[in-house]
Amino acid sequence: MATQTKPVLHGYFRSSCSWRVRIAFALKGIEYDQVPVNLIKDGGQQRTQEYKTLNPMQQVPAVEIDGITLSQSLAVIQYLDETRPGARLLPTDPKRRAHVRVISDLIASGIQPLQNLYVIQKIGAEKVQWSQHFIDRGFQALEPLLKQTAGKYCVGDEISMADICLVPQVFNAERFKVDMEQYPTIKRLNQTLLEIDAFKVSHPSNQPDTPADLRA
């Protein structure tokens, strides 16, 4: 589908959901513009009325593309896969595609929302222990699943939406000092994926709004 203007990603450098979309853009070779939304400054720029019109949930990302605005990362990824050429982000085989969706949803619905910024701000002093608990709980389910589905990547030997979800979640796990030695399959896949250019250029340490002290 031809477009007249570049897509615009409203996101935050360290947001898992924003990172997923950046990876997908990179894998598809899509040029896009970024508008940083600082989730901490001024009480959170996502809380402004202007941003609320883009994403009523007042979360990132919001992606303006083809005359519409999409505000859930998995919906954005699947839209890109359905409308843009390049690497397939969901397999054509129905069983493999189902595995990709199971892994993606396990992470995007079962782990990440329980340790995102909004939640841990409410938890307060116990935020590290809280985050560790729910990441471990999710990884204890994810590790045996990936042992069944993984080849070089999460599902077989082709990069998919599952891999796009995995890497940002491992980044969060490491931020919260989760012991990744318990999860050798997850650790191996993450290390493999981080060597791929699309995952490098989209990394939180390489974004326009990355603070100087966190830049690669």
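Throughout, residues of each chain are indexed from 1 in the direction in which the sequence is written. Owing to the predicted nature of the model, reporting of local features is limited to residues with pLDDT of at least 70; listing and counting of side-chain atom pairs is limited to 80 or more, with chain, interface and lining totals taken over all residues. Side-chain calculation: all heavy atoms of the structure are included, whereas hydrogens and water are not.

Caption draft 1: Quick peek at the nonpolar core. Definition of nonpolar core: a set of buried residues of the types Ala, Val, Leu, Ile, Met, Phe, Trp, Tyr and Cys, connected through side-chain atoms within 4.5 Å. Buried means the residue's accessible area, taken with a 1.4 Å probe over protein chains only, is under 20% of the maximum for its type, while exposed means over 50%, and partly exposed covers the values in between. Ranked by size, the top nonpolar core spans 51 residues in total, and within it Ile 103, Phe 139, Leu 166 and Ile 186 carry the most contacts. Working definition: helices are DSSP H or I runs of at least four residues, strands are E runs of at least two. Numbering for both runs from the N terminus. The set of elements that each furnish at least two residues to this core consists of α1 (16-28), β3 (62-65), α3 (73-83), α4 (94-110), α6 (127-149), α7 (161-175), α8 (184-193) and α9 (197-201). Non-local contacts of Ile 103, meaning those with residues more than four positions away in its chain, are made with Leu 142, Leu 145, Leu 146, Thr 149, Cys 154, Val 155 and Ala 162. With eight residues, the next largest nonpolar core counts Tyr 12, Phe 13, Val 37 and Leu 39 among its residues. It only takes one pair of heavy atoms within 4.5 Å for two residues to be counted as in contact.

Caption draft 2: A look at the sheet that holds strand β1 (residues 8-11). Each pair of strands is called paired provided DSSP finds at least two bridges between the two strands. Reading across from one edge, β2-β1-β3-β4 is the order of the four strands in this open sheet, with mixed pairing throughout. The sheet terminates laterally at β2 (33-36) and β4 (68-70), the two strands that pair on one side only. Taken over all neighbouring pairs, the strand axes of this sheet differ in orientation by 20° on average, direction set aside. Examined bridge by bridge, β1 and β2 share four bridges and lie parallel to one another. Its bridge partner lying in β2, Val 8 is registered against Asp 33. Only C-alpha atoms enter the line fits that serve as axes; for helices the fit covers just the stretch in contact. Angles between N-to-C directions range over 0 to 180 degrees. Each of β3 and β4 is contacted by α3, which is oriented at about 130° to β4, the strand it contacts most.

Caption draft 3: Geometry of the packing of aromatic side chains. Stacked, tilted and edge-to-face are the three classes applied to pairs of Phe, Tyr and Trp rings, where Trp contributes its six-membered ring and a pair requires centres within 6.5 Å; stacked means planes under 30 degrees apart, edge-to-face means over 60, and tilted covers the rest. Overall, the coordinates contain five aromatic pairs when judged by the stated rule. Arranged with centres 5.4 Å apart and planes meeting at 90°, the rings of Trp 19 and Phe 171 form a pair that is edge-to-face. Of the two residues, Trp 19 sits in helix α1 while Phe 171 sits in helix α7, which places them 152 residues apart along the sequence. Residue classification places Trp 19 among the buried positions, given a relative accessible area of 1%. An angle of 20° between the planes, with centres 4.4 Å apart, marks the rings of Phe 25 and Tyr 32 as stacked.

Caption draft 4: Quick look at unusual backbone geometry. With omega at 5°, the peptide bond leading from Val 60 into Pro 61 counts as cis. Within the fold, Pro 61 resides in the loop between α2 (49-54) and β3. Of note, the phi angle at Gln 58 is positive, near 55°, even though the residue is not glycine. Structurally, Gln 58 is set in the loop between α2 and β3. One non-glycine residue, Lys 177, adopts positive backbone phi at about 65°. Checked against the element boundaries, Lys 177 lands in the loop between α7 and α8.

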